[in-house]
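# Per-entry structural report
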Amino acid sequence: MAGKEEKEPNRLIREKSPYLLQHAYNPVDWYPWGEEAFAKAHREDKPIFLSIGYSTCHWCHVMERESFEDEEVAACLNKHFISIKVDREERPDIDHIYMTVCQEMTGHGGWPLTIIMTPDKKPFFAGTYFPKLRKYGRPGLLDILSQIAEKWHTQRERILWAGERITQALQPRFQATDGDELTEEVLEAAFQRFVHKYDPTYGGFGAAPKFPSPHNFGFLLRYWRKTGDDRALSMVEHTLESMYHGGIYDHLGFGFARYSVDEMWLIPHFEKMLYDNALLAIAYLETYQATGNPFFAKVARDVFTYVLRDMTSPEGGFYSAEDADSEGEEGKFYVWRPEQIKQVLGERIGEIFCAYYGVTEQGNFEHGTSALNLIETDHQAVAKQFGLSSEDLSRMLEDARKKLFEARDKRVHPGKDDKILTAWNGLMIAALGKGARVLGDTRYADAARKAVEFILTKLIREDGRLLARYRDGEAAYPAYLDDYAFLIWGLLELYETDFDVRHIDRAIRLIDDGIRLFWDAEHGGFFFYGNDSEQLIARPKEIYDGAIPSGNSVMTLNLLRLARLTGNQAYEKMAGRQFKAFSDNVKSYPPGFTHMLMALQFAVYGSKEIVIAGDPAASDTQEMLRMVRGEFLPNAVVVLNPTGKEADMGERFPVVQGKKAIDGKATVYVCENYACQAPVTDAAELKQLLRV
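Residues numbered from 1 in each chain as written. Predicted model: local features only at pLDDT ≥ 70, side-chain atom pairs only at ≥ 80, totals over all residues. Heavy atoms only, no water.

From N to C terminus, the protein includes 27 helices and 19 strands. In summary, the protein has a C-alpha radius of gyration of 26 Å against a globular reference of 26 Å for 692 residues, a match within 12%. With 692 residues in all, the protein has 60% of them scored as buried. In the protein, once contacts between residues fewer than 6 apart in sequence are set aside, the share between residues at least 24 apart is 69%. Averaging the locations of the 82 positively and 103 negatively charged side chains of the protein gives two centres separated by 1 Å. (Helix = DSSP H or I, 4+ residues; strand = E, 2+ residues; numbered from the N terminus. Rg over C-alpha atoms; globule rule 2.2 N^0.38 Å. Buried < 20%, exposed > 50% of the residue type's maximum accessible area, 1.4 Å probe, protein only. Contact = heavy atoms within 4.5 Å. Lys, Arg positive; Asp, Glu negative; His and termini not counted. Charge placed at Lys NZ, Arg CZ, Asp CG, Glu CD.)

On to empty space enclosed by the protein. Taking a probe equal in size to a water molecule and rolling it over the atoms shows the remaining empty space. All told, the structure shown has three cavities of 30 Å³ or more when counted by the stated rule. Roughly 470 Å³ of volume is contained in the largest cavity. Lining the largest cavity are 29 residues, with Arg222, Glu286, Lys434, Glu493 and Pro634 sitting closest to its centre. Ranked by the residues each element gives to the lining of the largest cavity, the list is headed by helix H11 (residues 274-291), at five residues. As for the second largest cavity, its lining consists of 16 residues, of which Gly247, Tyr249, Asp250, Phe270 and Tyr334 are closest to the centre. (1 Å grid on protein atoms, 1.4 Å probe; cavity = no way out; pocket = protein on both sides within 12 Å on 5 of 7 lines; lining within 4 Å. Points joined across faces, edges and corners; volume = space filled by probe spheres on them.)

Quick look at the pairing of strand E14 (residues 467-471) now. Most of E14 is tucked away, with five of its five residues classed as buried. Here E14 pairs with strand E15 (residues 474-478) via four bridges, running antiparallel. Each residue of the ladder has a partner; that of Tyr470, found in E15, is Ala475. (Pairing = 2+ DSSP bridges.)

Turning to the state of the cysteines, a few remarks are in order. Scanning the model with the defined rule gives two disulfides in all. A sulfur-sulfur separation of 2.3 Å characterises the disulfide bridge that pairs Cys57 with Cys60. With the S-S bond torsion at 80 degrees, the cross-link from Cys57 to Cys60 turns out right-handed. With respect to class, Cys57 is no different from Cys60; both count as buried. (Disulfide = S-S within 2.5 Å.)

The description of two helices packed together rests on the angle between their axes and the distance between the axes. Look at helix H8 (residues 184-197) against helix H9 (residues 215-227): their axes get within 11 Å of each other, and the N-to-C directions meet at 115 degrees. As H8 runs across H9, the sense of the crossing is left-handed. Taking contact as the criterion, the partners of Leu187, Glu188, Ala190, Phe191 and Phe194 in H8 are, on H9, Asn216, Phe219, Leu220 and Tyr223. Of the residues assigned to the contact of H8 with H9, the class counts are seven nonpolar, one polar and one charged. (Axes fitted to C-alpha atoms, helices over the stretch in contact; angles between N-to-C directions. Left-handed = near helix turned anticlockwise from the far one by under 90°. Nonpolar A, V, L, I, M, F, W, Y, C, P; charged D, E, K, R; others polar.)

So, on to the side chain of Ser607. Here Ser607 is to be found in the loop between helix H24 (594-604) and strand E16 (608-614). The exposure class of Ser607 is buried, given its relative accessible area of 4%. Among the polar contacts made by the side chain of Ser607, one reaches the side chain of Arg564 at a distance of 2.6 Å. Here the side chain of Ser607 touches Glu609 through a polar contact of 3.0 Å, side chain to side chain. Once residues within four sequence positions are removed from consideration, Ser607 is found in contact with Arg564, Phe602, Asn635, Cys671, Glu672 and Asn673. (Polar contact = N/O pair within 3.5 Å; in protein donor to acceptor, adjacent residues only side chain to side chain.)

Such coordinate-based values are descriptive only and should not be taken to indicate function.
Here is the structure:
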């Protein structure tokens, strides 16, 4: 096969997306999504072959190798279709719509997403991965393309009718309709569903494949904090411990893979996503606050080590993902054979390491290789087996880990998707902001602030419009609801870490812009893309909290938190409208909407407003801050009222009015359910007050 340098590139060579660039030397005459492609489809009277994926998607790579690099498939596509490639992470608006089509038509979805549609963008065929020729019970892509090409000429009216019907059927699927109020009953219903779905052996919910879905943990922790039901806390602790012990966690380089293909969390789908690691860091941090168990703090620190080492650009933004594949094989970078380990560590230490991390001659993955894991490991038993103290074993393992990490670093690395997405950066800013205050490490706040400045410098248009993606010097695509919602979340977390009021000013500006661009004044809810963006065949409102929480869910909690901080009741009313707009969705399957349920918990459990008045640099103020940050207070907003700036703060935050330091001492005011407790200047008294 000719190398890339000997091939003529297609139009994708001019794109910035790593995913589109991966296909730039395919013989398929690819177009990026745009008017040029649709105009040609109309002009030449051809259907459109739409392929949607992302750069770290394993089955996207497989379909490219089997079909899109194949001359026969390319000839068929080039003759009968106009072919369009879309990066779902750059254009989640397109992906949302056509993934919904696929799920409705086939009962399932996933990537690569394969859509065939009319030149007017109306879909009439949908699926995911197809091999070139029929196998595994799947029809072959060549057969599908040939049949559709023939029917396009012989059964055109039927195809156009099908496309019209499918497009019309989409519209109500994306509409919010006012339902009944959401009450605590739906919170209880969600908890009972989790109890029913819980895997008591390995943790997690449901059968394989298992996805982390970290907002489930956030919901359960809040349920436990309110009700005292230890089952909720136990499910979270056990699942987070099991995930760490499994191969879904990278025991050498840290960070979590996207999901586990088995019920044990043993074999991951090896790609690492920025959003998973941000959301899981938050889950481990909150569980540390709830339990005081330093294990959970350690895992959060390790995740941050991975992100700051491998996923941070020199300019301060965070990269999107790392691939599952290297050298054309899934997981090759991560897995080991015993002899490879012993070659690095020597016979004895290699034997100990293999025993500890489950590396065997038989292997647990492909070709006799093993994913490192601790599922069946007993630390004391291994120490006893090899005649070591527990402490000596720990030191030996850490030294071995570093050596193996260095050895692995010499392997061919998986591809890195180095585009910077505003939404996913917002999640990592939120995680680092929370991490800085919970773990007391200023490096995390520094990294979060640097990322904020990067976004506000590089991803804001001259007219103030936020943009969605930055890569290779170019910012593009009007930002989506998720970009606004997640960045606001990050700013709110960062404010409670360094109390720089500019974060709140920016959050208010963004939420007001978000309301103007996305809010549906007639039916409630936020649309996924703005009224100033490209208008597609439907305008969805995403509410499902899947791998990532929905923009609507996050925005609802943002509105409530900002309402408490600023006293702006319009935000509170809008959050209430959100609950009504999506109540039917939430009630239909409560566990599918746990970030929205966290917003509901904030609203119905009663939030705390905590004002700390005093000199920010004084030791007593810092002690009060440590006391507040050591507690798990998920439904609290915390404001610092610095000595000497009370008047300005009172204008900005009505919640601080009249709340000053007493007798020069750091003073804490705790208000809940529209009533304030007596101010306290004693740390022990504050601790008692916070735990009520």
